[in-house]
Amino acid sequence: MGNVLLYVLGAAFRYSASGYEFLQLRPEISTPTNSWKRLIEGVHLNKMGLSPYDGVLFHETPIMLQLYTVMENILVHRSLLVFIVLDLLTCLLVSEAGYYGAALMLQQQKRIKGDVHPESGSLLHSSNLINVLPKHIAIFYLLNPFLILNCAARTTVVWNNFFLAAALLALTQNNRFLGTLAISIAAYETMYPIILIFPLTIHLATIEGQQGRSVTSSVVETMVYTLLWLSCLLGLSHQLSGGSWTFLQATYGFIVTVPELTPNMGIYWYFFTEMFEHFRSFFLGTFQLNLLMYCIPLSIRLYQPLGCWWPQQYWRLCSGSSGYTTTLRTPTIISP
């Protein structure tokens, strides 16, 4: 009963905050890549038979464009309810990840309890952790002001957070199918979540290696799954775009080249506003490579078999380096 009231309270906060439409214009919340107003503009252009990718306003993927076009009759009048429900489902996934994570930690603690010094007993986890941790995660998620504003502004980050939460749940369950699918969809939407495939790959390879499987075959299987999902998503996008690949420049090209230097929570816009155009390509490549070069080292250094915190910290360190950063990219992963 307490959990139900908590979810009701979280939904009420999100609904009440939706009355402040200025939230959709705040640079801390809305960026060119997640703006609700831009998404609606793209849907209207698509219904008029015009390609939204020919202009400079729309930067969502073709699958999301078609999804919102089909659901327009629902979203126009009940768009907030859709976002609230999706946010509550995200909370449920993160709480479930906390449940499985707590269960794994208690199992590990039980195996090593005999080697722990009696005076260190107070440092051990309580057996009630499996009940307390998911509830605490739900409280932190549902009452997180950043996530409340995120939902109220109806940014498409809500969808991305949902798939990131599914990836975290898959990691705690050692589920390669769900993990690679969730990361692939999140990466398909905003590109940068693809870096999470490294901690997932290392985690699965370590767990399966302890069970006698070859580490190489585990890594290869994870990569093949990921490439398969991404190929299917891009192939479907190509078909939905009428056999055109122009959406690539309007979506991923826009994220990589950062052509729109409107103020946001990141450093790109200020750095490139003050820079001579002659040096732009060099520093743009440096910034993007700076993000990628940490992927494998951080995954190895932060790895812990039974902990959920290491992919959280990994994503926290990397997500701030994107061109269109907001305060809402990281709370889903940080909250546990």
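Residues numbered from 1 in each chain as written. Predicted model: local features only at pLDDT ≥ 70, side-chain atom pairs only at ≥ 80, totals over all residues. Heavy atoms only, no water.

Thoughts on the confidence of the model for the chain
Rules: Every residue gets a pLDDT, meaning the predictor's confidence in that residue, from 0 to 100. Helix and strand definitions follow DSSP, with helices as H or I runs of at least four residues and strands as E runs of at least two, each counted in order from the N terminus. What makes two residues a contact is simply this: any of their non-hydrogen atoms within 4.5 Å.
Here the chain averages 82 in pLDDT, and 84% of its residues register 70 or above. Looking across the chain, the model is least confident in helix α16 (residues 331–334), with a mean pLDDT of 43, and most confident in helix α10 (residues 215–240), with 94. For the stretch residues 330–336, pLDDT sits under 50, and the model shows 24 contacts to residues farther than four places along the chain or on other chains.

Considerations on helix α8 (residues 176–190)
We count it as follows: A helix is expected to span 1.5 Å multiplied by its residue count minus one. For every residue, the accessible area (1.4 Å probe, protein chains only) is compared with the maximum for its type, and the residue is labelled buried under 20%, exposed over 50%, or partly exposed between those bounds. Throughout this description, a polar contact denotes any pair of N or O atoms lying within 3.5 Å of each other; where both atoms belong to protein, one of them has to be capable of donating a hydrogen while the other can accept it, and for residues adjacent in sequence the pair is counted only when both atoms sit in side chains.
Here α8 is 15 residues long and its end C-alpha atoms lie 21 Å apart, about the 21 Å a rise of 1.5 Å per residue gives. Most of α8 sits inside the fold, with 12 of its 15 residues counted as buried. What α8 keeps buried is the set R176, G179, T180, A182, I183, S184, I185, A186, A187, Y188, E189 and T190. Tucked inside the fold, the buried residues of α8 contact α3 (62–70), α7 (157–172), α9 (197–210), α10 and α11 (246–257). For α8, the side-chain oxygen to backbone nitrogen distance between the N-cap and F177 is 3.2 Å, and the N-cap itself is N175.

Observations regarding the nonpolar core
Selection criterion: Definition of nonpolar core: a set of buried residues of the types Ala, Val, Leu, Ile, Met, Phe, Trp, Tyr and Cys, connected through side-chain atoms within 4.5 Å.
Core analysis: the biggest nonpolar cluster contains 27 residues, and Y68, F83, L142 and W159 have the highest contact counts within it. Elements supplying a minimum of two residues to this core: α1 (2–17), α2 (36–47), α3, α4 (72–112), α5 (129–142), α6 (145–152), α7 and α11. For this core, the element with the most residues is α4, which contributes seven residues. Judged by nonpolar contacts, the second largest core, of 23 residues, contains A186, L196, I197 and Y252.

Details of the packing of aromatic side chains
Worth spelling out the cut-off: Aromatic rings from Phe, Tyr and Trp, taking only the six-membered ring of Trp, are treated as a pair when their centres fall within 6.5 Å; an angle between ring planes under 30 degrees marks them as stacked, one over 60 as edge-to-face, and anything in between as tilted. For a Lys NZ or an Arg CZ to count as sitting over a ring, it must be within 6 Å of the ring centre and within 35 degrees of the ring normal.
Per the counting criterion, the structure on display carries 10 aromatic pairs. Between the aromatic rings of F162 and F163, the centroid separation amounts to 5.4 Å while the plane-to-plane angle is 75°, which identifies the pairing as edge-to-face. For F163, a relative accessible area of 18% gives the class buried. For the pair F272 and F287, a centre-to-centre distance of 5.8 Å together with 55° between the ring planes defines the contact as tilted. Of the two residues, F272 is situated in helix α12 (residues 268–273) and F287 in helix α13 (residues 280–292); the sequence distance between them amounts to 15 residues. Of the two residues, F272 and F287, neither departs from the other in class, the shared state being buried. Grouping aromatic residues by their ring pairs yields a cluster made of W36, Y68, F83 and W159. Directly above the aromatic system of F272 lies the positively charged group of R280, at a separation of 5.1 Å from the ring centroid.

Considering α2
So the rule is basically this: The arc in question is the one traced by the directions running from the helix axis out to the C-beta atoms.
Relative to the 16 Å expected for 12 residues at 1.5 Å per residue, α2 spans 17 Å between its end C-alpha atoms, a close match to the ideal helical length. Taken as a whole, α2 has its buried residues at W36, R38, L39, G42 and V43. All buried residues of α2 project into a common sector of 160° when viewed along the axis, lining one side. Two to three positions downstream of the cap, the backbone nitrogen of K37 sits 3.3 Å from a side-chain oxygen, assigning the N-cap of α2 to S35. Directly after α2, the chain includes G49, whose backbone phi takes a positive value near 85°.

Focus: the environment of G98
The topology assignment puts G98 in helix α4. Of the residues examined, G98 reaches a relative accessible area of 5% and is grouped as buried. Separated by 36 residues in sequence, G98 and P134 place their C-alpha atoms 5.2 Å apart. G98 has contacts with L133, P134 and I137, leaving out every residue within four places of it along the chain.

Quick notes on unusual backbone geometry
The backbone phi angle of R154 is positive, close to 55°, even though this residue is not glycine. By secondary structure assignment, the location of R154 is in the loop between α6 and α7. A positive phi angle, near 55°, is found at N174, a position not held by glycine. Residue placement: N174 occurs in the loop between α7 and α8. Relative accessible area serves as the criterion here: at 34%, N174 is assigned to the partly exposed category.

Looking at a nonpolar patch on the surface
Quick note on the threshold: Residues enter a patch when their relative accessible area is above 30% and they make no salt bridge; the linking distance is 9 Å between like charges and 5 Å between nonpolar side chains (Val, Leu, Ile, Met, Phe, Trp, Tyr). To measure how exposed things are, a 1.4 Å probe is used in the Shrake-Rupley method; for residues, cover is taken only from the protein chains shown. Within this document, salt bridges are pairs made up of a side-chain nitrogen of Lys or Arg and a carboxyl oxygen of Asp or Glu, the two lying within 4 Å of each other.
Taken together, L9, F13 and L143 make up a surface patch of nonpolar side chains, about 240 Å² in accessible area. Mapped onto the elements of the fold, L143 is located in the loop between α5 and α6. The class of L143 is partly exposed, set by a relative accessible area of 36%.

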